[in-house]
Amino acid sequence: MSEIGKIIRGLVYFWSWNCSIFGGYLLFVPLTFQQILTPKFHRKILDLIITYWQYYVTTLLLRQNCEIHVTGDPIHSDETALVISNHRTRVDWNFLWGVMYHAVEGKNRWWYGTKFVLKNSIKNVPIAGWVMQMAMYSFIKRNWEEDKRLLDDYIEYVRDLEYKHLLILFPEGTDLTQKTKLASDKFAIANGLPQYKHVLHPRSTGFVYLVDEMRKKKCLDAVYDLTLIYPDVCPQNEEKLFLGNFPRKVMAHLVRYPIPVLPDTNEELKEFLEKRWLEKEKTIEEFKTSGNFLYHGKELAKKDFLTLPWAYFTHTLWMAFTFVMVLLLVFSKVFLYLVIMYTVGLYVLPLVSNANLFKVRKRVLEAIGCGGKFKNK
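S.K.: So what's going on with helix H7 (residues 205-216)? Which residues, and what values?
M.R.: Compared with an ideal rise of 1.5 Å per residue, which puts 12 residues at 16 Å, H7 spans 17 Å between its outermost C-alpha atoms and is within 8% of the ideal. The element H7 is largely enclosed, with a buried count of 9 among its 12 residues. Considered for burial, the residues of H7 that qualify are Phe207, Val208, Tyr209, Leu210, Val211, Asp212, Glu213, Met214 and Arg215. Of the surrounding elements, those touching the buried residues of H7 are strand E3 (81-85), helix H5 (144-161), strand E7 (165-169), strand E8 (222-229) and helix H9 (266-290). Directly after H7, the chain includes Lys218, whose backbone phi takes a positive value near 55°.

S.K.: I'd like a description of the packing of H7 against H9, backed by residues and values.
M.R.: The N-to-C vectors of H7 and H9 enclose an angle of 125°; their axes lie 9 Å apart at closest approach. Compared by their axis directions, H7 and H9 come out oblique. Between H7 and H9 lies a crossing whose hand is right-handed. Residues Phe207, Val208, Val211, Asp212 and Arg215 of H7 pack against Asn266, Leu269, Lys270, Phe272 and Leu273 of H9. Residue composition of the contact of H7 with H9, by class: 6 nonpolar, 1 polar and 3 charged.

S.K.: Talk me through a negative patch on the surface; I want residue IDs and the actual numbers.
M.R.: A grouping of Asp264, Glu267, Glu268, Glu271 and Glu274 is seen on the molecular surface, where their side chains present a negatively charged patch. Topologically, Asp264 is positioned in the loop between strand E9 (249-258) and H9. Looking at Asp264, the relative accessible area reads 66%, which means it is exposed.

Reading the values: the criteria
Residues numbered from 1 in each chain as written. Predicted model: local features only at pLDDT ≥ 70, side-chain atom pairs only at ≥ 80, totals over all residues. Heavy atoms only, no water. Helix = DSSP H or I, 4+ residues; strand = E, 2+ residues; numbered from the N terminus. Expected span 1.5 Å × (residues − 1). Buried < 20%, exposed > 50% of the residue type's maximum accessible area, 1.4 Å probe, protein only. Contact = heavy atoms within 4.5 Å. Axes fitted to C-alpha atoms, helices over the stretch in contact; angles between N-to-C directions. Parallel < 35°, antiparallel > 145°, perpendicular 65-115°, else oblique. Left-handed = near helix turned anticlockwise from the far one by under 90°. Nonpolar A, V, L, I, M, F, W, Y, C, P; charged D, E, K, R; others polar. Patch = residues over 30% accessible without salt bridge, like charges linked within 9 Å, V, L, I, M, F, W, Y side chains within 5 Å. Areas by Shrake-Rupley, 256 points an atom, 1.4 Å probe, with all protein chains shown as cover. Salt bridge = Lys/Arg side-chain N within 4 Å of Asp/Glu carboxyl O. Lys, Arg positive; Asp, Glu negative; His and termini not counted. Charge placed at Lys NZ, Arg CZ, Asp CG, Glu CD.

Here's what the structure looks like:
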C-alpha cells in the first residue's frame, strides 16, 4: 500500500475512533446521576455501552485487515478476573479490546466490563481520559501511599457491589522501548536477574497487593497471564497507529490461574509473577526463531459478528448516535451546561469517581439507617 493510502486509512480510523468517544462521553454525563441512586444497575448500563464500543473498535480493526488471533483459556464472564500482560507498545490497549472480544465467554459477556490500570497522566487527556474515568479505569501516580489508597477504594467498590469484570494490569509499568529496556537491564544487573530482550522486568508491588487483598475479601476469582505478540508491524505509539501503521495480525495467549492454585504468601506471589515473565521471554524468543506460539488450549474466535456487513452496520449506528448527541449539545442549553459542569468536576472534584460516589452514597444510607437495604441495587 502507498504511503498516502496508509495515511488516509489512519485518518479514517482516527476520526472514527475519536468521534465515537465523544458521543459516548456525551451519553455518560446524564447517566452519572443514576450511579448515586442505583450504582449496580448504573454500572451494568455503562458496561453494556462500553463493551459494545469495544466491539465497534474491533470492527474498525477488521476494516484495517488487522486479525486478532487469541488462544488459550477463555475468560468467564461470571467471575472477577485480573489479567496481567506484557506491555509491548503504548497502544496495546487498542488491540486488547479486540482480544477480550474473542476471549470472554458466557451469557453476560456483552456487559462484562474491561478495565485497565493506567498512568495518572492519561486520565486528564480530553474526552478519552474523561471516558476512562467514567468507565472506572484505575490511574496510578507511582507513589505507593497514594496508589494504595486508590486500590483500596477500588477493592471496596468491587466487594460491596459484587462487581464481576476484568481488570488488565501491565506489571512492567511502561511499554518496551530502547530507553525502558536499558532501565530494565540496569535493574536486572543490580538485582542479579537475567536481562530480557522481549519484555521488561515486572514490578510486583501492585500485583501482589491486588491479589492478596482481593482474595482476602473474596472478590477475585482468577488471574489470567496474557502474552501479547505483534508478528509484523508494531505501532509503538498513537502517532504511528493513526498514520496507518496497522499490524496484519496481533497474537495473544491466555493462561488461567484460579485463586486456589496461586501461592499463599506475598513473597511467593512475587516469585510467581517473575516466573511468568521469564516464560514470556522464552515464548516470544521461540516465536521469533520458529514461528511457534501455542501453549495449550483452543483457539478463541468469535466470528459471527466480525464480518464487513456487521462492521458497516455498527459504524453507521455509532456515528448516527454521536450525531444525535452533538445535536443535543448544540440545541439544548441545559444539556450544554450539564456537560460543562461535569467536565469541570472531573478536574476539581474527587467525588466524581465511581468508587468515591459509591462510598458517599453508602455512608449517607448508613447514616439514615438503611445502608444494607440498597447495597446491591
